[in-house]
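# Structural description and commentary
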Amino acid sequence: MPRSFYITTPLYYVNDRPHIGSAYTTLIADIIALYHRMTGDDVFFLTGTDEHGQKVQQAAEKNGISPREHCDIYAARFKELWSYFGLSFDDFIRTTEDRHVRVVQTVLQSLFDKGEIYKDTYEGWYSVADELFISDKDHEEGRYRDVRRISETNYYFRMSAYQERLIGHIEAHPDFIRPANRRNEILGFLRQPLKDLCISRPKERLAWGIELPFDKDYVTYVWFDALLNYITAPGYLSDDAKFAAYWPAVHMIGKDILTTHCVYWPTMLMAAGIPLPKTVFAHGWWTSEGQKMSKSLGNFIDLETIRGYCESVGKDAYRYFMAKEGPLFSDSDFSRERFYQTYNADLANDFGNLVNRIFKLIAKYFDGRIPEAGEPGEDELAMMEASVQCRETVLAELEELNVNAVAAAVIAYVTSINRYLEKTEPWKLAKTDLAGTGKVLYAALASLRFSAALLYPLLPEKMTEFFGMLNTKEAPGHIVQWQDLKSGTPLGEMKALFPRFDMQLLEKS
RNA sequence: GGCGAAGUAGCUCAGUUGGUUAGAGCAGCGGAAUCAUAAUCCGCGUGUCCGGGGUUCGAAUCCCUGCUUCGCUACCA
């Protein structure tokens with residue numbers, strides 16, 4: 001019986017354009033999903049779009065179309081990007097879908113019946129121009145215009161009732177919020193009394209939302225709408241067996257939505273009697289060329305910029321860089337120079353050149369056929385053992401969701417193959433001992449194949465190409481045994497998988 | 001303001017409960033080699049481990065203090 005594994009990205013707000021942030025979260029979630037599939041896990045990978053709210057309503061009005069049409073257009077942008085990268089998600093949920101509306105309304109009604117939701121009147125400062133309530137502090141600072149004191153009646157969720165239970169859960173489950181610094185942030189946050197959560201908006205102020213089942217004059221606002229999708233998609237209230245198989249999830253998110261996922265969401269689930277997520281992993285943000293990304297600075301990494309990188313050295317290279325150098329635990333800088341340096345060092349020099357060396361040697365001395373393994377000597381056994389070690393490291397780091405360390409571990413193994421060749425010097429050995437040369441080249445190719453298999457989730461297109469070149473008719477995406485390489489197979493035609501990027505091109509632009 | 005994190009080689013960072021000459025990757029320099037995508041392999045860092053004070057036989061690692069950077073401080077991603 002395979003283990004099940006459920007991983008999610010946030011649902012991206014349709015009005016925001018995809019950029020390096022959303023691309024990063026989604027790419028690493030895909031990578032983690034592929035690794036889990038590789039180990040034989042039954043994976044469910046979810047992404048989607050968050051489509052309700054005032055901004056959507058306003059944008060649609062402005063363009064003279066219905067909110068629904070507006071969402072269709074904008075959701076397509078995300079779908080397009082994900083299909084460009086060939087991502088492997090199993091479901092793409094949109095919060096405007098019927099299946100989701102049904103879950104939201106059912107959960108809300110049930111919480112209302114249990115007394116978890118109550119009606120109350122809030123009085124505060126309201127900015128007419130911006131159409132939102134602002135805090136006393138914002139008002140003092142005078143940032144908003146056209147501010148009036150008004151009161152509004154809304155529905156509230158008794159979040160405060162769950163404060164102690166939540167703290168207990170976080171303390172008892174070190175894996176619940178990660179990395180550890182984010183966990184501390186939340187625990188710090190929870191040292192202050194937790195307030196109840198306002199979960200509605202009167203329809204006169206916001207029409208584009210899910211109607212409260214117990215009050216036709218209101219729609220639900222943000223939280224129940226945008227978070228419950230995580231249980232809608234795997235079949236909550238619609239497919240019990242599926243839901244039981246996959247829930248609880250691992251949520252990959254950016255640090256900007258930490259509180260919603262680590263406080264609002266778990267307390268909502270507690271109230272509804274649903275188990276909490278296994279892990280909420282909040283990664284950091286990319287900076288760009290050493291500075292915070294901003295449109296005015298001109299360093300904003302948008303869709304077009306991403307495509308530019310992909311076109312220059314390939315989508316896989318971009319994906320690889322995201323994983324290897326990305327801001328998993330703290331912020332990380334994306335610079336053109338660093339991007340291409342990493343590409344050259346790891347992919348062109350270490351891996352790509354190694355493919356070339358081994359293929360050409362086999363072509364020259366063995367007519368392009370995979371040589372006999374022979375009796376492995378000390379060095380060959382060492383490579384075999386190192387492969388087992390490498391796999392264990394990869395799987396251990398995968399448990400930690402540390403794709404950064406996963407990539408580093410495999411590249412370290414690739415480096416050891418280059419070192420093995422320097423030590424055994426098959427190009428010299430061939431002059432005196434052809435059988436010995438065969439043994440060396442077999443070991444080198446076996447090691448290379450092994451590393452390619454482990455690199456597959458990071459570089460799916462290129463490693464598929466590699467296995468095509470290997471011509472062993474095996475489907476990529478599985479863990480392989482070092483010694484399972486079949487001798488005698490004629491290798492396919494060799495292509496340069498990662499042509500070196502000329503760093504001088506950087507100077508020019 | 002309050003709470004918290006961090007400041008280690010040019011860059012990105014490791015450095016377990018204080019203990020022998022402070023490490024890795026990348027970049028740089030030198031060499032070897034030539035099977036290979038000027039790739040690979042080997043070698044090379046006298047770094048005030050942010051400053052100052054203290055505890056200790058001994059501190060990057062503990063305590064105090066100063067400086068700097070950053071995060072959180074909810075119902076606006």
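Refer to the structure printed above.
Below is a short write-up of the structure.

Reading the values: rules and limits
- Residues numbered from 1 in each chain as written.
- Chains lettered and ligands numbered in written order.
- Predicted model: local features only at pLDDT ≥ 70, side-chain atom pairs only at ≥ 80, totals over all residues.
- Heavy atoms only, no water.
- Helix = DSSP H or I, 4+ residues; strand = E, 2+ residues; numbered from the N terminus.
- Buried < 20%, exposed > 50% of the residue type's maximum accessible area, 1.4 Å probe, protein only.
- Near = heavy atom within 4 Å.
- Polar contact = N/O pair within 3.5 Å; in protein donor to acceptor, adjacent residues only side chain to side chain.
- Nonpolar A, V, L, I, M, F, W, Y, C, P; charged D, E, K, R; others polar.
- Axes fitted to C-alpha atoms, helices over the stretch in contact; angles between N-to-C directions.
- Parallel < 35°, antiparallel > 145°, perpendicular 65-115°, else oblique.
- Left-handed = near helix turned anticlockwise from the far one by under 90°.
- Contact = heavy atoms within 4.5 Å.
- Salt bridge = Lys/Arg side-chain N within 4 Å of Asp/Glu carboxyl O.

## What about unusual backbone geometry?
Going from Arg178 to Pro179, the amide bond is cis rather than trans, its omega being -5°. Residue placement: Pro179 occurs in the loop between strand S7 (177-178) and helix H7 (180-189). With an omega dihedral of 5°, the bond running from Trp247 to Pro248 counts as a cis peptide bond. Within the secondary structure, Pro248 is located in the loop between helix H10 (240-246) and strand S12 (250-254). Of note, the phi angle at Glu289 is positive, near 50°, even though the residue is not glycine. Looking at where Glu289 falls in the secondary structure, it is placed in the loop between strand S14 (286-288) and helix H12 (303-313). Overall, Glu289 belongs to the partly exposed group, its relative accessible area being 43%. Even without being glycine, Glu425 reaches a positive phi, approximately 45°.

## Overview of the protein's contact with RNA strand B
Around RNA strand B lies a shell of 36 residues, among which Tyr264, Asn353, Arg357, Phe498 and Arg500 are the nearest. The sugar-phosphate portion of RNA strand B accounts for 67% of its atoms within 4 Å of the protein, the bases making up the rest. Asn356 places a polar side-chain atom, nitrogen or oxygen, 3.1 Å from a sugar or linking oxygen of RNA strand B. Here Arg357 contributes a side-chain N or O atom positioned 2.5 Å from a base nitrogen of RNA strand B. Going through the elements one at a time, H7, strand S8 (197-198), helix H14 (336-366), helix H16 (403-424) and helix H17 (426-429) are the ones with two or more residues in the surface near RNA strand B. Across the surface near RNA strand B, the residue classes break down as 15 nonpolar, seven polar and 14 charged.

## Some remarks on the packing of H7 against helix H11 (residues 258-272)
At a minimum axis separation of 11 Å, H7 and H11 run at an interaxial angle of 55°. It follows from the interaxial angle that H7 and H11 lie oblique. The two elements H7 and H11 cross, and the hand of that crossing is right-handed. Together, Arg182, Glu185, Ile186 and Phe189 of H7 and Leu258, Thr259, Cys262 and Val263 of H11 make up the contact between the two elements.

## Some details on the pattern of salt bridges
For the structure on display, the rule yields 23 salt bridges. One salt bridge connects Glu461 with Lys315, and the closest N-O pair in it is separated by 3.8 Å. Here Glu461, found in helix H19 (residues 460-470), pairs with Lys315, found in helix H13 (residues 315-325); they are 146 residues apart in sequence, far enough to count as distant. For Glu461, a relative accessible area of 44% translates into the label partly exposed. Accessibility expressed as a relative area gives 22% for Lys315, which makes it partly exposed. For Arg338, the salt bridge is made with Glu325, and the minimal N-O distance between the two is 2.6 Å. A residue pair is termed long-range when its members are at least 10 positions apart, and Arg338 in helix H14 and Glu325 in helix H13 qualify at 13 residues. With relative accessibility at 26%, the residue Arg338 sits in the partly exposed group. In this structure Glu325 comes out as buried when scored by relative accessible area, which is 16%.

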